[in-house]
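Examination of the molecular architecture
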Amino acid sequence: MADHHNVFISHRHEDDALVGALGDLLAGRNVTIRDASITSDEPNNASNEAYIKSQILAQNINWAGKIIVLITPDTKNHPWVDWEIEYAEKQGKEIIGVWAAGSAGCDVPAPLEQHADSLVGWNSESIIRALSGERIWTNSTGEARDLQPINRIGC
């Protein structure tokens, strides 16, 4: 039986539909996704940045064993995604970048380049392998790229 993975999805609000598509892609693969997005379907009237970070995002990232960062053309330099990556790194979470369809040639957010454990394509098998601890590094077209020199200390 495959390992069970609790996963937080870091993404831009404009990419909300991809979270559902990712859930469908990983359905039946022992992955629980927690989406802490603030959307028009599930509005949140919080406006205090410190409250949002500590009471909404941090709690969800702390719950997760790993985070997936959805990479789309506009993910780079998105301040909330950058904060979630940096926070997850400080908590010792595994960080996996997933190239969304249509992301060929787009830039990876600098914090993801620096802290990711894997970068994989929109492919359930690759995502599960990365969630299971395999280090996979591909570019947006699925070709292998050089491994990042990350100094991780295992517990």
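The model shown is predicted, which means the values in this text are computed figures rather than measured ones.

Counted according to the given criterion, the structure contains 7 salt bridges. We note a salt bridge from Arg 29 to Glu 125, for which the minimum N-O separation is 3.4 Å. Pair noted here: Arg 29 is in the loop between helix H1 (16-25) and strand E2 (31-34) and Glu 125 is in helix H5 (residues 124-131), with a separation of 96 residues, a long-range link. The exposure class assigned to Glu 125 is partly exposed, which follows from its relative accessible area of 41%. With a closest N to O distance of 3.8 Å, Asp 117 and Arg 135 form a salt bridge. One end of the pair, Asp 117, is in the loop between helix H4 (110-115) and strand E5 (118-120); the other, Arg 135, is in the segment after H5, with 18 residues separating them in the sequence.

Our next topic: H5. Since the α-helix turns once every 3.6 residues, residues separated by three or four places project in the same direction. Taken across its 8 residues, H5 has 6 buried, putting it largely inside the fold. Every buried residue of H5 is accounted for by Ser 124, Ser 126, Ile 127, Ile 128, Ala 130 and Leu 131. Taking the backbone nitrogen of Glu 125 as reference, a side-chain oxygen 2.8 Å away marks Asn 123 as the first, capping residue of H5. Looking at the residues trailing H5, positive phi occurs at Gly 133, about 105°.

The subject of this paragraph is helix H2 (residues 49-63). Between the first and last C-alpha of H2 there are 20 Å, a value that for 15 residues agrees with the 21 Å anticipated at 1.5 Å per step. Maximal helix bending in H2 amounts to about 35°, located at Leu 57. All of the buried residues along H2 are Ile 52, Ile 56, Leu 57, Ala 58, Asn 60 and Ile 61.

Turning next to the packing of aromatic side chains. Each aromatic ring pair is specified by the distance between its two centres and by the angle formed by the two planes. Summed over all chains, the structure comprises 1 aromatic pair. Seen from their ring centres, Trp 83 and Tyr 87 are 5.1 Å apart, and the 15° between their planes marks the pair as stacked. Taken as a pair, Trp 83 and Tyr 87 lie in helix H3 (residues 79-90) at a separation of 4 residues, close to a single helical turn.

What follows deals with the nonpolar core. By size, the foremost hydrophobic cluster in this structure holds 22 residues, and its most contacted members are Ile 67, Val 69, Ile 95, Leu 112 and Leu 119. For this core, the elements supplying multiple residues, two or more each, are H2, strand E3 (66-71), H3 and strand E4 (94-99). The greatest single-element share of this core, amounting to 5 residues, is contributed by H2. Other than its neighbours up to four places away in sequence, Val 69 contacts Ser 10, Val 81, Ile 85, Ile 95, Ile 96, Gly 97, Val 98 and Leu 112. Core analysis: the second largest hydrophobic core is formed by 16 residues, Ile 68, Leu 70, Ile 96 and Val 98 among them.

Cut-offs and rules
Residues numbered from 1 in each chain as written. Predicted model: local features only at pLDDT ≥ 70, side-chain atom pairs only at ≥ 80, totals over all residues. Heavy atoms only, no water. Salt bridge = Lys/Arg side-chain N within 4 Å of Asp/Glu carboxyl O. Helix = DSSP H or I, 4+ residues; strand = E, 2+ residues; numbered from the N terminus. Buried < 20%, exposed > 50% of the residue type's maximum accessible area, 1.4 Å probe, protein only. Polar contact = N/O pair within 3.5 Å; in protein donor to acceptor, adjacent residues only side chain to side chain. Expected span 1.5 Å × (residues − 1). Bend = angle between axes of the 7 residues up to and from the residue. Phe/Tyr/Trp six-rings, centres within 6.5 Å; stacked < 30°, edge-to-face > 60°. Core = buried A, V, L, I, M, F, W, Y, C linked by side-chain atoms within 4.5 Å. Contact = heavy atoms within 4.5 Å.

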